Amino acid sequence: MMAKTNPGRFFEDYAVGDVITHAVPRTVSGGERALYHALYPARHALVSSDAFAQACGLPASPLDDWAAFHVVFGKTVPDISLNALANLGYAEGRWLRPVWPGDTLRSVSEVIGIKQNSNGKSGVVWVRTTGLNQRDEAVLEYVRWVMVRKHDQDLPAPETVLPDLFDTVPADRLVIPDGLDFTSYDFALAGEPHRWSDYQVGERIDHVDGVTIEEAEHMLATRLWQNTAKVHFDATNRDDGKRLIYGGHVISMARALSFNGLANAQMVVALNGGAHANPCFAGDTVRAWSEVLDKAETAAPGVGAIRLRLVATKGGDPFALRGDDGKYLPDVLLDLDYWALMPL
């Protein structure tokens, strides 16, 4: 009898240079935005209002940046992280063009690095993923690395290949959407008066609000992105009998919470790095704070770029990140480094 089910790839199934075309293309609609905004307290004006987006030079309101990321990411899970022990990090993420309702997204990944762990039971795989629309235009790209189980532990370790990655996406490589113009930006409609020039490098912002994660909501979100990782749905996959909250759910929750203090950070254009520092489970209350890491001007009229660290926590002192040993504190869920666009 031939098996027709897919057990997922194991560490020994990857080789540097492999190109993986992921199933299944997905057409997004206005319903995607409505459900995304129902799942998270997302209120940034540019992705909420066609009229606001048109006043900023865009033809309509694009899909939320992280919603587009989740659609592209979700496609990769059956081929990249179905047997993953951990999603370890991100780098060189760039949003290359807006995603509009009606666009069809698909994902392609290339294996760019591989390294077996010293225990011989698992290894780390680096992939560069590109999200494409129906015109084969790249809408976003990013690198991530995952720790994957090894199926046959007797197989010899492959040659180690470590990719050479930017620590930070340089400001001159940020892609500004065509037509974006913040010279007539309406701060009253956006919700806050704070502009790019009001923020200082080193400034920290406590976003104050918190949201308690519910079991049904995180599973609904993970299904929306067609993420099939077993640890998010099947409680028997973990020794503690808990469903692990999808890291993208925490990212979107923290980004939405950052509205209070960063309402004018309207578009995410780059992902410099990120770590899911500790697991999140249903019942945890997520809070967030940000730190301004850098600022840069852009060629677009009235548009500045601001580099932010976004930290999601489940309690503890605001702005606390690491202990004396240099490790993340147990209350820290997410440490994300990204560039956003803001009116000057």
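How each quantity is defined
- Residues numbered from 1 in each chain as written.
- Predicted model: local features only at pLDDT ≥ 70, side-chain atom pairs only at ≥ 80, totals over all residues.
- Heavy atoms only, no water.
- Core = buried A, V, L, I, M, F, W, Y, C linked by side-chain atoms within 4.5 Å.
- Buried < 20%, exposed > 50% of the residue type's maximum accessible area, 1.4 Å probe, protein only.
- Helix = DSSP H or I, 4+ residues; strand = E, 2+ residues; numbered from the N terminus.
- Contact = heavy atoms within 4.5 Å.
- Salt bridge = Lys/Arg side-chain N within 4 Å of Asp/Glu carboxyl O.
- Polar contact = N/O pair within 3.5 Å; in protein donor to acceptor, adjacent residues only side chain to side chain.
- Pairing = 2+ DSSP bridges.
- Phe/Tyr/Trp six-rings, centres within 6.5 Å; stacked < 30°, edge-to-face > 60°.
- Lys NZ or Arg CZ within 6 Å of the ring centre and 35° of its normal.
- Axes fitted to C-alpha atoms, helices over the stretch in contact; angles between N-to-C directions.
- Parallel < 35°, antiparallel > 145°, perpendicular 65-115°, else oblique.
- Left-handed = near helix turned anticlockwise from the far one by under 90°.

**Q** Explain the nonpolar core to me, please; I cannot follow it from the model alone.
**A** For soluble globular proteins, the rule of thumb is that nonpolar side chains tend to be buried together. In this structure, Tyr40, Trp66, Phe69, Leu140, Trp225, Val286 and Ile306 are the most contacted members of the largest nonpolar core, which totals 55 residues. Take this core: its biggest share by element is eight residues, from helix H3 (residues 65-80). Once residues lying within four places of it in the same chain are set aside, the contact partners of tryptophan 225 are Arg26, Glu32, Tyr36, Tyr40, Ala67, His70, Val71, Gly74 and Tyr246. In terms of nonpolar packing, the next biggest core, distinct from the first, is built from 22 residues, Leu58, Phe187, Ala270 and Leu341 among them.

**Q** Before we go on, may I ask you to explain unusual backbone geometry in this structure?
**A** Negative phi values dominate among residues other than glycine, just as trans dominates among peptide bonds. Following alanine 23, the chain continues to valine 24 via a peptide bond in cis, the omega torsion being 0°. For valine 24, the position within the fold is in the loop between strand E1 (19-21) and strand E2 (26-27). Even without being a glycine, glutamate 92 presents a positive backbone phi close to 50°. Tracing the backbone through its elements, the reader meets glutamate 92 in strand E3 (residues 84-95). Its identity as a non-glycine residue notwithstanding, glutamine 226 has a phi of 55°, on the positive side. Its location among the elements puts glutamine 226 in the loop between helix H5 (215-224) and helix H6 (247-257).

**Q** In this structure, what is going on with H5? I would like to understand it.
**A** An α-helical turn contains 3.6 residues, so a residue and the one three or four places further along point in the same direction. Inspection of H5 places His218, Met219, Ala221, Thr222 and Leu224 among the buried residues, and these make up the whole buried set. Where H5 is buried, its residues contact E2, helix H1 (30-39) and H6. Where H5 terminates, the next one or two residues include glutamine 226, which has phi positive at roughly 55°.

**Q** What is the right way to read the pattern of salt bridges from this model?
**A** Where charged atoms from two side chains of opposite charge come close, those side chains can pair. Per the stated rule, a full pass over the model turns up 12 salt bridges. For arginine 106, the salt bridge identified is with aspartate 136, shortest N-O distance 2.7 Å. Taken together, the positions of arginine 106 in strand E4 (residues 104-116) and aspartate 136 in the loop between strand E5 (122-132) and strand E6 (138-149) put the pair 30 residues apart, joining distant regions of the chain. Since its relative accessible area comes to 27%, arginine 106 is described here as partly exposed. For arginine 135, the salt bridge goes to glutamate 137, with nearest N and O atoms at 3.1 Å. Overall, the relative accessible area of 47% leaves arginine 135 in the partly exposed class. According to the relative accessible area criterion, glutamate 137 is partly exposed, its value standing at 25%. Connected through shared salt-bridge partners, Arg204, Glu291, Arg309 and Asp335 make up one network.

**Q** Mind showing me how you'd approach the side chain of arginine 307 here?
**A** Here arginine 307 lies in strand E10 (residues 303-313). The buried category is assigned to arginine 307, whose relative accessible area is 16%. Separated by 2.5 Å, the side chains of arginine 307 and aspartate 337 make a polar contact. The contacts of arginine 307, once residues within four sequence positions are left out, are Thr168, Asn272, Glu291, Val292, Leu293, Asp294, Asp337, Tyr338 and Trp339.

**Q** Just checking my understanding: could you explain the pairing of strand E9 (residues 285-297) for this structure?
**A** When a strand is regular, its side chains alternate between the sheet's two faces. With six bridges connecting them, strand E7 (residues 204-212) and E9 associate as antiparallel partners. The residue of E9 that forms the bridge with threonine 212 is threonine 285. When E9 meets E10, the two strands line up antiparallel, connected through 10 bridges. Bridge pairing links aspartate 294 to arginine 307 in E10. Between E9 and E10, which follow one another and run antiparallel, lie five residues, and glycine 302 among them has a positive phi close to 75°.

**Q** Explanation requested: the pairing of E3 in the structure shown.
**A** For E3 and E6, the ladder comprises eight bridges, and the chain directions are antiparallel. Bridge assignment links alanine 86 to a residue of E6, and that residue is methionine 147. Examined bridge by bridge, E3 and strand E8 (residues 267-276) share four bridges and lie antiparallel to one another. The residue of E8 that forms the bridge with glycine 93 is leucine 271.

**Q** Sorry if this is basic, but what is going on with the packing of aromatic side chains here?
**A** The way to describe two aromatic rings as a pair is by their centre distance and the angle between their planes. As enumerated under the stated definition, the model contains 14 aromatic pairs in all. Where phenylalanine 69 meets tyrosine 90, the ring centres are 6.1 Å apart and the plane angle is 70°; that geometry is what we call edge-to-face. Here phenylalanine 69 is found in helix H3, whereas its partner tyrosine 90 is found in strand E3, with 21 residues between them in sequence. Judged by relative accessible area, phenylalanine 69 falls into the buried class, the value being 2%. Relative accessible area serves as the criterion here: at 4%, tyrosine 90 is assigned to the buried category. An aromatic cluster of at least three residues, connected via ring pairs, comprises Trp66, Phe69, Phe73, Tyr90, Trp95, Tyr142 and Tyr246. If you follow lysine 242 out to its NZ or CZ, it ends over the ring of phenylalanine 281, 4.8 Å from the centre.

**Q** Help me understand the packing of H1 against H5, please; the structure alone is not making it clear to me.
**A** When two helices pack together, their arrangement is given by the angle between the helix axes and by the axis-to-axis distance. Following both chains from N to C, one finds H1 and H5 inclined at 155°, their axes separated by 11 Å at the closest point. Viewed along their axes, H1 and H5 adopt a mutual orientation that is roughly antiparallel. Where H1 crosses over H5, the two elements pack in a sense that is left-handed. Of H5, the residues touching H1 (which contributes Glu32, Leu35 and Leu39) are Glu217, Leu220, Ala221 and Leu224.

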